Amino acid sequence: MSVTITWFGHNCWSIETGGKTVLLDPFLDESPTAPVKAADVRADFMLVSHGHFDHISDAVPIAQRTGATVLTNFEVGQWLVKQGMDEEKVVGMNPGGGCRQPFGHVKFTIAHHSSSLPDGSYGGVPGGFLLTLGEARVYFACDTALFLDMKLIGAGGLDLAVVPIGDLFTMGPEDSIDAIKMLNPRRVAPCHYNTWPPIEQDAAAWAGQVRSHTAAEPIVLAPGEKITF
Ligand SMILES: [Zn+2]
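As the structure is a prediction and not an experimental result, all values here were calculated from the model.

What counts, and at which threshold
Every chain begins its residue count from 1, and numbering advances along the sequence as written. Only residues with pLDDT of at least 70 get local features here, since the model is predicted, and only at 80 or more are side-chain atom pairs given and counted; chain-wide, interface and lining totals rely on the full set of residues. Side-chain numbers come from the whole structure's heavy atoms, not from hydrogens or water. Excluding water, the donors of a metal are its N, O and S neighbours within 2.8 Å, or within 3.2 Å for Na, K and Ca, and that exclusion means sites may look incomplete. In short, tetrahedral needs four donors with all angles between 85 and 135 degrees, square planar needs four and octahedral six donors with opposite donors over 155 degrees apart and all other angles between 65 and 115, and whatever is left is irregular. Relative accessibility decides the category of a residue: with a 1.4 Å probe and only protein chains considered, values under 20% of the type maximum give buried, values over 50% give exposed, and everything between is partly exposed. A pair of aromatic rings is counted whenever rings of Phe, Tyr or Trp (Trp by its six-membered ring) have centres within 6.5 Å, and the orientation is called stacked for planes under 30 degrees apart, edge-to-face for over 60 and tilted otherwise. Only DSSP runs of H or I covering at least 4 residues are called helices, and only runs of E covering at least 2 are called strands; the numbering of each starts at the N terminus. To obtain an axis, a line is fitted to C-alpha atoms, over the contacting stretch when the element is a helix, and the angle between two such axes runs from 0 to 180 degrees between their N-to-C directions. We call a crossing left-handed when the near helix sits turned anticlockwise from the far one by less than a right angle, and right-handed when that turn is clockwise. Contacts: residue pairs with any heavy atoms within 4.5 Å of one another. Following the grouping adopted for this structure description, the nonpolar residues are Ala, Val, Leu, Ile, Met, Phe, Trp, Tyr, Cys and Pro, the charged ones are Asp, Glu, Lys and Arg, and the polar ones are all others, Gly among them. Under the counting rule used here, the positive set is Lys and Arg, the negative set is Asp and Glu, and His together with the chain ends is not counted. We define a salt bridge as a contact between a side-chain nitrogen of Lys or Arg and a carboxyl oxygen of Asp or Glu at a distance within 4 Å.

Caption draft 1: Structural view of the coordination of the zinc ion. Within the first shell, the zinc ion binds the protein through Asp54 (OD), His55 (NE2), Asp143 (OD) and His192 (NE2), at distances of 2.1 to 2.3 Å. Around the zinc ion, the 4 donor atoms sit at angles spanning 88 to 172°, and that spread fits a shape best called irregular. A relative accessible area of 2% means that Asp143 is categorised as buried.

Caption draft 2: Layout of the packing of aromatic side chains. Evaluated as defined, the whole model comprises 8 aromatic pairs. Plain terms: the ring middles of Phe27 and Trp196 are 5.9 Å apart, the flat faces sit at 45° to each other, and that makes the pair tilted. Of the two residues, Phe27 sits in the loop between β3 (20-24) and β4 (45-48) while Trp196 sits in the loop between β12 (187-191) and α6 (203-213), which places them 169 residues apart along the sequence. On the basis of relative accessibility, which here comes to 0%, the residue Phe27 falls in the buried class. Here the aromatic cluster, defined as three or more aromatic residues joined through ring pairs, consists of Trp7, Trp13, Phe140 and Tyr193.

Caption draft 3: Spatial organisation of the environment of Ala136. Checked against the element boundaries, Ala136 lands in strand β10 (residues 136-140). Relative accessible area serves as the criterion here: at 9%, Ala136 is assigned to the buried category.

Caption draft 4: The packing of helix α5 (residues 173-183) against α6, seen in detail. In contact at an axis separation of 10 Å, α5 and α6 are set at 35° when each is read in the N-to-C sense. At the point where α5 passes α6, the crossing takes the right-handed sense. On α6, the residues touching Pro173, Ser176, Ile177, Ile180 and Lys181 of α5 are Trp206, Gln209, Val210 and His213. When the residues that make up the contact of α5 with α6 are grouped by side-chain class, the tally is 5 nonpolar, 3 polar and 1 charged.

Caption draft 5: Fine view of the side chain of Asp58. Within the secondary structure, Asp58 sits in the loop between α1 (53-56) and α2 (59-66). Among buried Asp, Glu, Lys and Arg side chains, Asp58 stands out as unpaired, with Lys37 the closest opposite charge at 8.0 Å. Residues within four places of Asp58 in sequence aside, it is in contact with Pro26, Phe27, Leu28, Asp29 and Ala38.

In structure tokens, the structure reads:
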């Protein structure tokens, strides 16, 4: 089963596998770098890592238009229901928990970050996602600091890891190199950078550091570009 993963800028990704489209952290209409609008994307499922606007802002309209099921942390899930989402279309998770879905297995992993919702509501704890898609294992670290348990996340082998490199709100390029060493993925893609000036980074320089210091193949995409494996 092949997997195609398209970057829509920031931490928004579209994962196509097994005839399903899974949209991660929908932030499109207000994103300075998104190549598509919320009205134009497909979604059978959505993954939302935490409650910050730059990860959730388009979730409700996309879910209402597409009927997608949203997997997120428990408190963000409850908030989405209050915003008008159908309760049966929300799967509330917590770190360490996993569930099987028609496109594969989803595990909600720890992340060191915060998670308030756009209206100030409590947003539970943030997370990342470890996906098993057929034979492929893909890890989206989402917004997080470096943490030692990345060793455990990578222990089963990873075909792709996606890590933030923007610094300021998440780990930066230097810590991401340590993260990649611990995750030990075959390929690694950067995200959560160059969306706004405070998180500008040189992705080509980062890729050079990845090649010099890790065994992973760096894949630097422009918004709209995709990886297939
Ligand atoms: Zn963010």
